[in-house]
Amino acid sequence: MKQTILLLLGCVCLSSCSTLFTQTRQPVTFIGENGMKIFDASTNVKLGEIKKDNTITLQIKKKLGDKYLLAKKEGYAPTPLLVESSFNPVSLWNLLFWPGFIIDLGTGKINKYDAVSYEIEMEKVAE
């Protein structure tokens, strides 16, 4: 019985409102030409590729700052993308339990991405 109470108390103390009500990743949709690839600008890791329906929805991990991405396609100049973030108002519930702010800061859930859809237009490279 004591272990159960300690476990429940630990879960309550180590959780926060954003942890309970929001996810670590947020879906963001990109609209562009078929074959366009989306990369993380900081790590150069491919996140996804726009296919036949000219859209792709990616689950982008939340963090404290904005997310920089790069759209690439053969024959086109690479296009930088900025996915802006803002304060997540769900975090205000942490006023009831202030250590929750620390947890939300650590997980990045204190922020959310503003736009959920981005239209990408690329410039052709002059040959």
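Just so we're clear, the structure is a prediction, and the values are computed from it rather than from any experiment.

Draft legend 1. Region of the structure containing the sheet that holds strand β9 (residues 117-119). Strand order in the open sheet made by the three strands is β4-β1-β9, with mixed pairing throughout. Pairing within the sheet leaves two strands with one partner each, and these edge strands are β4 (55-61) and β9. Averaged over all neighbouring strand pairs, the angle between strand axes comes to 25°, with direction disregarded. Of the pairings in the sheet, the one linking strand β1 (residues 25-31) to β9 comprises three bridges and is parallel in character. Its bridge partner being in β9, Phe-30 is matched across the sheet by Tyr-118.

Draft legend 2. Highlighting unusual backbone geometry. The backbone of Asn-44 sits at a positive phi, close to 60°, despite the residue not being glycine. Within the secondary structure, Asn-44 sits in the loop between β2 (37-40) and β3 (46-49). Positive phi, close to 60°, is recorded for Asn-54, a residue that is not glycine.

What counts, and where the lines are drawn
- Residues numbered from 1 in each chain as written.
- Predicted model: local features only at pLDDT ≥ 70, side-chain atom pairs only at ≥ 80, totals over all residues.
- Heavy atoms only, no water.
- Pairing = 2+ DSSP bridges.
- Helix = DSSP H or I, 4+ residues; strand = E, 2+ residues; numbered from the N terminus.
- Axes fitted to C-alpha atoms, helices over the stretch in contact; angles between N-to-C directions.

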